Amino acid sequence: MNLEDYGVDMWSTEKIEDFRSKLLAWYDHNKRDLPWRHTKDPYAIWVSEIMSQQTRLDTVIPYYLRFLQWFPTIESLANAPQDKLLKAWEGLGYYSRVRNMQQAAQEMMDKFQGQFPQTYEEILSLKGIGPYTAGAVSSIAFDLPQPAVDGNLMRVISRLFEVEADIGDPANRKIYQEIAEQLIDPKRPGDFNQALMDLGADIESPKNPRPEESPVKEFSAAYLHGTMDKYPVKKPKKKPRAVRFQAFIIQNEEGHYLLEKNIHSDLLSGFWHFPIMENYQPFDSQLDLFSANQEGHFGLVAENIGHDYPNQGIPLTSQFEKHYNLRPSWQEEISVAQITHVFSHQKWYLDLTFGSIDSSDENLQLCTQVADKEVRWVAKEDFDSYAFAKPQQKMWQSIQQLEKNKKRQ
DNA sequence: GATACGTGGAT
DNA sequence: TATCCAAGTAT
């Protein structure tokens, strides 16, 4: 790759060494005190790097400490039950990270004699480890001169050299990687990477940076040219797509709730939740759901009357009865609660419907044997032992609130 | 190479 | 309230 093609004017050797020196001197006095900065254990550093992906460090720290208690070794992670894994990650988001970590741990047991591999290429080969994490673990745990190109590094480098390449485009990462490879201090690669990350996280933040406080401001083309506000270039993200679901809160005679394990969708895969079915009834996503429902009623919400959609015209309650082989007594009143939840790529609108099962119902036993589904009756006292993602937590919270309101009346 | 994949804090 | 964004990777 020729950096000149991207308008990058690389510095002289002397200037690069001066940059390293000033950056590391600043880091030595200003680095953040983080739990994983007190260890050289590649396993612990790996955990910290995976957790920190797209996640604020304030959030990460308690999860990190607990994770190392629950899974102190590669072997313990490789052998962990899935339920415990999800519980360890509950609330962190991007749950494929922890599934991939377990797969990587199993790879280490199988291919690397239970040890963390010590070369960049081997580390990169592990599931869930991409160029960033491979560089971070290589440099921090093994002192290998590999850059760790994350959003911070790209932002800082973009301002140092006035790079125009969109940092949101994965294809452009290699440009920043190439620059970072030339800048990185081979004597202290881990500290160098973390210094740039610390700098980017605070002084060189995306919003309201304080470039005059930067220890390397005289190296920054954007600072010197007064173009800080133009870098980095980043396209705005797309709005999440609106999706509407009917949720079914079903209790049997013992008061246990019907829960289903998500085994078909990658989104929140493995988590337990109240059964939900997509409601294709068109609604104006610009309208607030709650005001829309004030005009609606039970039949309207529960019927799948969208045009050109699966099972159009068949009420969702009927579809539920068919798919789950259950015939609940549906609550007549429209005491449905509404929940919204925003993911990075979807915005969910959930209408809650209630139903109850009589133990004499001949279909009761069939429910747990429905093909393609894993369902279970669960007492609310046992909810604590399940990992629940946020939509399920919100639904449960709403249900409890409804019960409280009933008691008061 | 564009999109899927979570959540919560800041403004 | 709406929007952005935070130590990315897999497909």
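Residues numbered from 1 in each chain as written. Chains lettered and ligands numbered in written order. Predicted model: local features only at pLDDT ≥ 70, side-chain atom pairs only at ≥ 80, totals over all residues. Heavy atoms only, no water.

Colleague: Requested: an account of the overall build of chain A, with residues and values cited.
Modeller: When you go through chain A residue by residue, the secondary structure sums to 16 helices and eight strands. Among the 409 residues that make up chain A, the fraction classed as buried is 49%. A separation threshold of at least 6 residues defines the contact pool for chain A, and within that pool the share at least 24 residues apart is 69%. (Helix = DSSP H or I, 4+ residues; strand = E, 2+ residues; numbered from the N terminus. Buried < 20%, exposed > 50% of the residue type's maximum accessible area, 1.4 Å probe, protein only. Contact = heavy atoms within 4.5 Å.)

Colleague: How would you sum up the side chain of Ser48? Please name residues and give values.
Modeller: Within the fold, Ser48 resides in helix H2 (residues 42-52). Taking relative accessible area as the criterion, Ser48 reaches 1% and is therefore assigned buried. Non-local contacts of Ser48, meaning those with residues more than four positions away in its chain, are made with Trp36 and Tyr64.

Colleague: Outline the UniProt feature "domain: HhH-GPD" (unreviewed entry) in chain A, listing residues and values.
Modeller: Using the residue numbers shown here, the UniProt feature "domain: HhH-GPD" (unreviewed entry) corresponds to residues 51-202. Spanning residues 51-202, this segment combines 64% helix with 0% strand, and its end C-alpha atoms are found 19 Å apart. (UniProt positions renumbered as here; feature names shortened; annotations may be inferred.)

Colleague: Which residues make up the protein's contact with DNA strand B, and what values do they have?
Modeller: With respect to spatial proximity, 21 residues lie near DNA strand B, and among them Tyr95, Lys238, Leu267, Leu268 and His345 are the closest. A share of 65% of the atoms of DNA strand B within 4 Å of the protein falls on sugar and phosphate groups. Note that a phosphate oxygen of DNA strand B is positioned 2.6 Å from one of the side-chain N or O atoms of Lys238. (Near = heavy atom within 4 Å. Polar contact = N/O pair within 3.5 Å; in protein donor to acceptor, adjacent residues only side chain to side chain.)

Colleague: Any details on helix H3 (residues 57-70)? Residues and values, ideally.
Modeller: Spanning 14 residues, H3 covers 20 Å between terminal C-alpha atoms, matching the ideal 20 Å at 1.5 Å per step. Those residues of H3 that sit buried are Val60, Tyr63, Tyr64 and Phe67. On its buried face, H3 is in contact with H2, helix H4 (74-78), helix H5 (82-89) and helix H6 (96-111). (Expected span 1.5 Å × (residues − 1).)

Colleague: So what's going on with unusual backbone geometry? Residues and values would help.
Modeller: In the segment running from Tyr231 into Pro232, the intervening peptide bond is cis, with an omega of -5°. By the element assignment, Pro232 lies in the loop between helix H12 (221-225) and strand E1 (241-251). Positive phi values are uncommon outside glycine, yet Gln113 reaches one of about 55°. With respect to the helices, strands and loops of the structure, Gln113 is situated in the loop between H6 and helix H7 (120-124). The phi dihedral of Glu162 is positive, around 50°, even though this residue is not glycine.

Colleague: I'd love a proper account of the pattern of salt bridges, names of residues and values included.
Modeller: If you walk through the whole model with that rule in mind, you get twelve salt bridges. With a closest N to O distance of 3.2 Å, Arg244 and Asp351 form a salt bridge. In this pair, Arg244 sits in strand E1 while Asp351 sits in strand E7 (residues 346-356), placing the two residues 107 residues apart along the sequence. Of the two residues, Arg244 and Asp351, neither departs from the other in class, the shared state being buried. Each of the salt bridges in this network shares a partner with another, and the network as a whole consists of Asp18, Lys22 and Glu218. (Salt bridge = Lys/Arg side-chain N within 4 Å of Asp/Glu carboxyl O.)

Colleague: Talk me through the pairing of E7; I want residue IDs and the actual numbers.
Modeller: A large share of E7 lies buried, amounting to nine of its eleven residues. In the sheet, E1 pairs with E7 via eleven bridges, with the strands oriented parallel. Paired with Arg241 across the two strands is Gln346, which belongs to E7. Pairing geometry for strand E5 (residues 329-330) and E7, over two bridges, is antiparallel. Of the residues in E7, the one forming a bridge with Trp330 is Gly355. Here five bridges tie strand E6 (residues 338-342) to E7, and the two strands are oriented antiparallel to one another. Opposite Ile339, over in E7, you have Leu350 as the bridge partner. (Pairing = 2+ DSSP bridges.)

Colleague: Before we move on, could you go through the packing of helix H1 (residues 13-30) against helix H11 (residues 189-201) and cite the residues and values that matter?
Modeller: At their nearest, the axes of H1 and H11 sit 9 Å apart, and the two run at 70° to each other. Considered as vectors, H1 and H11 are oriented roughly perpendicular to each other. Along the contact surface, H1 presents Phe19, Arg20, Leu23, Leu24, Trp26 and Tyr27, while H11 presents Asp191, Phe192, Gln194, Ala195, Leu196, Asp198 and Leu199. Looking at side-chain class alone, the contact of H1 with H11 contains nine nonpolar, one polar and three charged residues. (Axes fitted to C-alpha atoms, helices over the stretch in contact; angles between N-to-C directions. Parallel < 35°, antiparallel > 145°, perpendicular 65-115°, else oblique. Nonpolar A, V, L, I, M, F, W, Y, C, P; charged D, E, K, R; others polar.)

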